[in-house]
Amino acid sequence: MIRIENVSLSHRDMPILHDITLSLEKGGITALVGPNGAGKSSLLSLIARLQPLQTGRILVDGLPVGSTPSRLLAQRLAILRQDGAVASRLTVRELIGFGRFPHHQGRAGAADIALVEAALEQFELQALAERFIDTLSGGQRQRALVAMTFCQGTDYMLLDEPLNNLDMFHARQLMRSLRSIVDERQRTAIVVLHDINQAAAHADRIVALRDGKVIADGTPNEVLTEDNLELVFGYRMQIMQIAGRPLVLQHL
Amino acid sequence: MPDRRLIILAAIALAAVIAFMTVDLRGNVAFVLHLRGLKLLALLQVAVAIAMSTVLFQTVTANRILTPSIMGLDALYLFGQTALVFTLGSLGYASLDGGLKFAAEVLLMIALAMGLLWPLLRTRMDMNLMLLMGVTLGLLFRSLSALLSRLLDPNAFSVVQMASFANFNTLRADLTILGTIATLGAALLCWRARHTLDIVGLGRETAIGLGIHWTRTATGMLLLVAILVAVSTALVGPVAFFGLLVAALAERLMQTQRHALLLPAAALVAIIVLVGGQTLLQHGLGGASTLGVVIEFAGGLVFLALLILRSRT
Ligand SMILES: Nc1ncnc2c1ncn2[C@@H]1O[C@H](COP(=O)(O)OP(=O)(O)O)[C@@H](O)[C@H]1O
Ligand SMILES: [Mg+2]
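No experiment lies behind these values; they were computed from the predicted model shown. Position labels on residues start from 1 in each chain and follow its written sequence. Chains and ligands are labelled sequentially in the order written, the chains with letters from A and the ligands with numbers from 1. This being a predicted model, a pLDDT of at least 70 is required before a residue's local features are given, and a value of 80 or more before pairs of side-chain atoms are given or counted; all residues contribute to the totals for chains, interfaces and linings. In computing side-chain values, all of the structure's heavy atoms are included and hydrogens and water are not.

1. Describing the packing of aromatic side chains
Part 1: The rule is short: rings of Phe, Tyr and Trp, with Trp giving its six-membered ring, pair when the centres are within 6.5 Å, and they are stacked under 30 degrees, edge-to-face over 60, tilted in between. Per the counting criterion, the structure on display carries two aromatic pairs over all chains.
Part 2: For the ring pair F123(A) and F150(A), a centre distance of 5.2 Å and an interplane angle of 90° mean the geometry is edge-to-face. Taken together, the positions of F123(A) in the loop between α5 (110-122) and α6 (138-151) and F150(A) in helix α6 put the pair 27 residues apart, joining distant regions of the chain. For the pair formed by F123(A) and F150(A), the shared burial category is buried.
Part 3: Between F79(B) and F141(B), the aromatic rings sit 5.8 Å apart at their centres with planes inclined by 20°, giving stacked as the arrangement. Taken together, the residues span a long stretch of sequence, with F79(B) in helix α3 (residues 73-94) and F141(B) in helix α5 (residues 127-150) at a distance of 62 residues.
Part 4: Using a 1.4 Å probe on the protein chains alone, a residue whose accessible area is under 20% of its type maximum counts as buried, one over 50% counts as exposed, and one in between counts as partly exposed. Accessibility expressed as a relative area gives 11% for F141(B), which makes it buried.
Part 5: Distance and angle both matter: a charge sits over a ring if NZ of Lys or CZ of Arg is within 6 Å of the ring centre and within 35 degrees of the ring normal. The ring of F132(A) carries the charged tip of R89(A) above its face, separated from the ring centre by 4.0 Å.
Part 6: Sitting over the face of the ring of W191(B), R194(B) holds its NZ or CZ atom 4.1 Å from the ring centroid. Comment: elements are numbered from the N terminus, with helices defined as DSSP H or I runs of at least four residues and strands as E runs of at least two.

2. Some details on the domain arrangement of chain A
Residue and element names in this part refer to chain A.
Part 1: Residue ranges assigned to each domain were obtained from an automatic or database domain assignment. One can read the domain layout of chain A as domain 1 (1-71 + 156-169 + 181-224) and domain 2 (77-153).
Part 2: Taken over C-alpha atoms, the centre of domain 1 sits 23 Å from the centre of domain 2.
Part 3: Note on definitions: buried area is the accessible-area loss of two parts on being combined, 1.4 Å probe, summed for both. The junction of domain 1 with domain 2 conceals about 1,700 Å² of combined surface from both sides, 62% of it contributed by carbon and sulfur atoms.
Part 4: One side-chain nitrogen of Lys or Arg within 4 Å of one carboxyl oxygen of Asp or Glu is enough to make a salt bridge. In this assembly, domain 1 and domain 2 are joined by zero salt bridges.
Part 5: Here a polar contact is recorded for every N or O atom pair within 3.5 Å, except that within protein the pair must consist of a potential hydrogen donor and a potential acceptor, and residues adjacent in sequence are included only if both atoms are side-chain atoms. Linking domain 1 with domain 2 are nine residue pairs in polar contact (both at pLDDT 80 or more), by the criterion used here.
Part 6: Only α1 (40-47), β7 (156-160) and α7 (168-185) provide two or more residues apiece to the side of domain 1 that touches domain 2.
Part 7: When residues in the side of domain 1 that touches domain 2 are grouped by element, the largest group, five residues, is from β7.

3. What to know about the environment of L249(A)
Residue and element names in this part refer to chain A.
Part 1: Position of L249 among the secondary structure elements: in strand β12 (residues 245-249).
Part 2: Taking the C-alpha atoms as reference, L249 lies 40 Å from Q75; in sequence the two are 174 residues apart.
Part 3: We call two residues in contact when some of their heavy atoms are within 4.5 Å. For L249, the residues in contact, after removing those within four places along its chain, are M237, Q238 and M240.

4. Structural notes on the site of ligand 1
All names here are of chain A.
Part 1: Nearness of a residue to a molecule or strand requires only that one of the residue's heavy atoms be within 4 Å of it. As a structural note, the neighbourhood of ligand 1 is formed by H11, M14, I16, P35, N36, G37, A38, G39, K40, S41, S42 and Q82.
Part 2: Measuring from an oxygen atom of ligand 1, one finds a backbone N or O atom of A38 at 3.2 Å.
Part 3: Here S41 contributes a side-chain N or O atom positioned 2.7 Å from an oxygen atom of ligand 1.
Part 4: Within the residue set of the shell around ligand 1, elements represented by two or more residues are β2 (14-24) and α1.
Part 5: Residue contributions to the shell around ligand 1 peak at three residues, all from α1.
Part 6: For this classification, Asp, Glu, Lys and Arg are treated as charged, while Ala, Val, Leu, Ile, Met, Phe, Trp, Tyr, Cys and Pro are nonpolar and the rest, including Gly, are polar. Partitioned by chemical class, the residues of the shell around ligand 1 number four nonpolar, seven polar and one charged.

5. Let's talk about a nonpolar patch on the surface
Residue and element names in this part refer to chain B.
Part 1: A surface patch of nonpolar side chains, about 190 Å² in accessible area, is lined by L25, V29 and L33.
Part 2: Relative to the helices and strands, L33 is located in helix α2 (residues 29-61).
Part 3: According to the relative accessible area criterion, L33 is partly exposed, its value standing at 32%. Nonpolar side chains (Val, Leu, Ile, Met, Phe, Trp, Tyr) are joined into patches within 5 Å and like charges within 9 Å, using only residues with over 30% relative accessible area and no salt bridge. Only the protein chains shown count as covering a residue, and every accessible area follows the Shrake-Rupley method with a 1.4 Å probe.

6. Some details on the packing of α5(A) against α6(A)
Residue and element names in this part refer to chain A.
Part 1: Running from N to C, α5 and α6 point in directions that differ by 140°, and their axes come no closer than 10 Å. Between α5 and α6, the crossing angle belongs to the class labelled oblique. The handedness of the crossing between α5 and α6 comes out as right-handed. Here L115, V116, A119 and Q122 of α5 come into contact with α6, specifically with A147, F150 and C151.
Part 2: Here the contact of α5 with α6 is composed, by residue class, of six nonpolar, one polar and no charged. Axis lines are fitted to C-alpha atoms, over the contacting stretch for helices. Their N-to-C directions set the angle, which ranges from 0 to 180 degrees. Oblique is the label for every angle not falling under 35 degrees (roughly parallel), over 145 degrees (roughly antiparallel), or within 65 to 115 degrees (roughly perpendicular). By convention the crossing between two helices is left-handed if the near helix lies anticlockwise of the far one by an angle smaller than a right angle, and right-handed if it lies clockwise.

7. Some points on the interface of chain A and chain B
Part 1: On the chain B side, the residues contacting the 27 residues of chain A number 23 residues.
Part 2: Approximately 2,000 Å² of surface area, both sides summed, lies buried where chain A meets chain B, with 58% of it carried by carbon and sulfur atoms.
Part 3: Considering only the surface of chain A that becomes buried against chain B, L50(A), F98(A) and F101(A) emerge as the three largest contributors, covering 28% of it.
Part 4: Linking chain A to chain B there are one salt bridge.
Part 5: Among the ionic pairs, E94(A) bridges to R258(B), the shortest N-O distance being 3.3 Å.

8. Overview of the side chain of T61(B)
Residue and element names in this part refer to chain B.
Part 1: Examined against the element boundaries, T61 turns out to sit in helix α2.
Part 2: At a separation of 2.7 Å, a polar atom in the side chain of T61 contacts the main-chain carbonyl oxygen of F57.
Part 3: Those residues within four positions of T61 in sequence are excluded, and the remaining contacts are L66, M127 and L131.

9. Let's talk about the sheet that holds strand β10 (residues 213-218) of chain A
Residues and elements named next belong to chain A.
Part 1: An order of β6-β7-β8-β3-β9-β10 is seen for the six strands of this open sheet, with the pairing classed as mixed. Because the sheet does not close on itself, it has two edges, and the strands there are β6 (77-80) and β10. When the angles between neighbouring strand axes are averaged without regard to direction, this sheet yields 15°.
Part 2: Here five bridges tie β7 to strand β8 (residues 188-192), and the two strands are oriented parallel to one another. Counterpart to Y156 in the pairing with β8 is T188. Strand pairing follows a simple DSSP-based rule, namely that at least 2 bridges must link the two strands.

10. Comments concerning the layout of surface pockets
Residues and elements named next belong to chain B.
Part 1: Estimates place the volume of the largest pocket at around 600 Å³.
Part 2: Lining the largest pocket are 23 residues, with Y77, Y93, K101, T170 and L235 sitting closest to its centre.
Part 3: Looking at the lining of the largest pocket, its residues break down into 14 nonpolar, six polar and three charged. Method remark: on a 1 Å grid restricted to protein atoms, a set of points is classed as a cavity if a 1.4 Å probe fits but cannot get out and as a pocket if it is open with protein on both sides within 12 Å along at least five of seven lines; lining residues have an atom within 4 Å of a point. Grid points are joined across faces, edges and corners, and a volume is the space filled by probe spheres set on the points.

11. Thoughts on the sheet that holds strand β4 (residues 55-60) of chain A
Strands belonging to one sheet form pairs held by backbone hydrogen bonds; the direction of such a pair is parallel or antiparallel.
Residues and elements named next belong to chain A.
Part 1: In space, the four strands of this open sheet follow the order β2-β1-β4-β5, with antiparallel pairing throughout. Where the open sheet ends on each side, the last strands, each with one partner, are β2 and β5 (63-64).
Part 2: Inspection of the sheet shows strand β1 (residues 2-11) paired to β2 by seven bridges, in the antiparallel sense. Opposite L9, over in β2, you have L17 as the bridge partner.

Below you can see the structure in the form of structure tokens.
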């Protein structure tokens, strides 16, 4: 379980997160939604210790983020950042292989190599395996980065806008892969999604953020109401029901 | 497991070393060999220190066109030499105890580096801010050296000029061996960190996500850089510029940023260029032997090679 207790964040007196308290149970997909600047990425980066906590506490399986050795956390929690820029010139296979680093510290075993091959296959990257990352299209690179995050094999996965740059086919594929990994291996995914209907269709729980505050939190049917959506995104949209899940006509 | 390209590089490096030791061997062979051996040791030490420190520095700062000289260590060294000549005069400077001077120089440069790194460790200061401080301090030291040089008499000024280029002709055996041991130790630490360095090269956030303790690792690496640069600068003088070419060429040759390949390749390239260049200059080009010239010469060669390789890929 990830426990977020009274977490606030500000940059140079500009408040970004206000006193957030959330418990994310083990298992399932939680979608984090909200307008640009709501603080979604900031929240994820605090959970993943990419920036130091200012106030409050975050526990991952009881381990306090900030005082737990980085490597120990990296074995339980992986993050895909929104800005997935990688400084090095690497091949796709090398990049995905780095996902195993927290487990082998540089000495990849047969099991690690097998996992990398499986990830290449799962994300249809075999043909691109030897290509350098900086020669890929945005969507291909995104898939490689997601594959690396999956390959880390952690109980918790924080994915910041993983559908960025993906076409419809690969976006759907990714959400389905996520679903099957979460269901089969008892993993937990916290996913920032901009397409509210991806959240409606695939998430078990939706947390809606705006101006650094949690506005709504619950199942898709509980959260995706006209009132909530107006509160979060600032305009009214129609909602339909299809196969027991809400479908938001966000574009009309 | 050794890479074919590494083996070829090692063979060329070995050939350069053998040529350096044996070409034109005349007179008192034992004495010449001893002299050349000492010089070779210094050359090897500098080559390894420059190669390792530049690769490390570029990895930690995620910038392929920087060299450690941006931290201002060689500027401090230069300022120290100028200030010494200024206060002691050229005679006093010449009669300084070499060992004491060496130790003081190394310690001063490492102290400066620690001064730069301390805020990075304590308050999560931005790496770019640290670099900016290094540049500023370097500029300050350089300006101070320039100011002092203007007040020197021509004789003393030429002493400073001599000290501001790497010099392999007045080596003390004990210091050379001491420096080589320090460099070997630091190089060994770099080598042991090769897998971690691969991750560090991915950038701060990705590295943390993969379990790197960023501030500790980055400052540790930069301290290692400082030790390598300080020892080699105190031993022979400033040569930091040369690292850029070595690192770039090694990366071009190996086509990878894996440090298990990159570190040895950079070291071997540095050895080939330094030892090979020195041999050529001493025996091929009639005895003119300042390293500054070697570096310019090698720089031209490496740039050419870079251009050719780039146009081919
Ligand atoms: N390093 C930073 N310095 C100053 N402000 C920041 C920084 N990072 C994010 N912010 C601000 O914090 C707010 C939340 O940003 P972010 O968490 O990226 O939002 P989201 O991911 O929900 O779009 C924004 O107003 C953004 O401008
Ligand atoms: Mg964001």
